[in-house]
Amino acid sequence: MLRDNIKSTYPVHVMINPSYEPVESEGKQADYESCYSVSSKAGKVPRYQTIKIRYADEKGHEHQQIETGFYARVLQHEIDHLNGVLISDRLTPDCIQGTVEEMMVMRRNELSKEKQALFDEIMKKKMEK
Ligand SMILES: [Zn+2]
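Because the structure is a prediction, the values reported are computed rather than measured. (Residues numbered from 1 in each chain as written. Predicted model: local features only at pLDDT ≥ 70, side-chain atom pairs only at ≥ 80, totals over all residues.)

All right, on to the sheet that holds strand β5 (residues 62-68) then. Spatially, three strands are ordered β1-β4-β5 in an open sheet, and the strand pairing comes out antiparallel. Here the strands that pair on one side only, and so sit at the sheet edges, are β1 (16-22) and β5. Neighbour-to-neighbour, the strand axes of this sheet turn through a mean angle of 20°, independent of strand direction. Helix α1 (residues 69-82) contacts β1, β4 (50-56) and β5 of the sheet and is inclined by roughly 120° relative to β1. (Pairing = 2+ DSSP bridges. Helix = DSSP H or I, 4+ residues; strand = E, 2+ residues; numbered from the N terminus. Axes fitted to C-alpha atoms, helices over the stretch in contact; angles between N-to-C directions. Contact = placed C-beta atoms within 7 Å.)

Further remarks concern the sheet that holds strand β2 (residues 28-35). Spatially, three strands are ordered β2-β3-β6 in an open sheet, and the strand pairing comes out antiparallel. Lying at the two open borders of the sheet, with one neighbouring strand each, are β2 and β6 (97-98). Pairing analysis gives two bridges linking strand β3 (residues 38-48) to β6, with the strands arranged antiparallel. The residue of β6 that forms the bridge with A42 is G98. Sheet strands touched by α1: β2 and β3. Its angle to β3, the strand with the most contacts, is close to 120°.

On to the environment of S112, then. Note on placement: S112 falls in the loop between α3 (100-110) and α4 (113-128). Overall, S112 belongs to the exposed group, with 9 C-beta atoms counted inside 10 Å. Sequence spacing of S112 and L2 is 110 residues, and the spatial spacing of their C-alpha atoms is 9.6 Å. (Buried ≥ 20, exposed ≤ 12 C-beta atoms within 10 Å, placed from the backbone.)

Turning to the pairing of β4, a few remarks are in order. Relative to β4, β1 is paired through five bridges, and the arrangement is antiparallel. Its bridge partner lying in β4, E21 is registered against K52. Relative to β5, β4 runs antiparallel, the two being bridged by seven bridges. Residue pairing across strands places R54 opposite Q64, the latter belonging to β5. The antiparallel pairing of β4 with β5 creates a hairpin that spans five residues between the two strands, and G60 there sits at a positive phi of about 85°.

The residue Y10 is located in the segment before β1 in this model. It is 8.7 Å that separates the C-alpha atoms of Y10 and Y71, two residues lying 61 residues apart in sequence.

What follows is about unusual backbone geometry. Residues other than glycine seldom take positive phi values, yet N17 does so here, at roughly 50°. Judged by local crowding, N17 falls into the exposed class, with 10 C-beta atoms found within 10 Å.

Set out below in structure tokens:
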């Protein structure tokens, strides 16, 4: 995997009325994000490393759990959408940002040689779609 902070994959799942509280002591980390809703901009968005997520499942059962790393980032991004917040709101002037193409080049350059090869393979597959 390209990202080092993915601890596992998750099957497709339903979260009803999700919300989260940050685990402030774990801090924030800026990492590359883009969004299908914002085609003109991407960048390194600061997000909490660890969050406590609350949601109901499709049977109405309440859940709360601690999530970290990339999945915590994805949850924060998607919950932002529910609250009308886009990455363009999160990309403050102090954030590294630019077009999706510029950010793809920067992101690739920050990867190890092995991961650059994987990145190229993934991008090639995406372009074929
Ligand atoms: Zn999005």
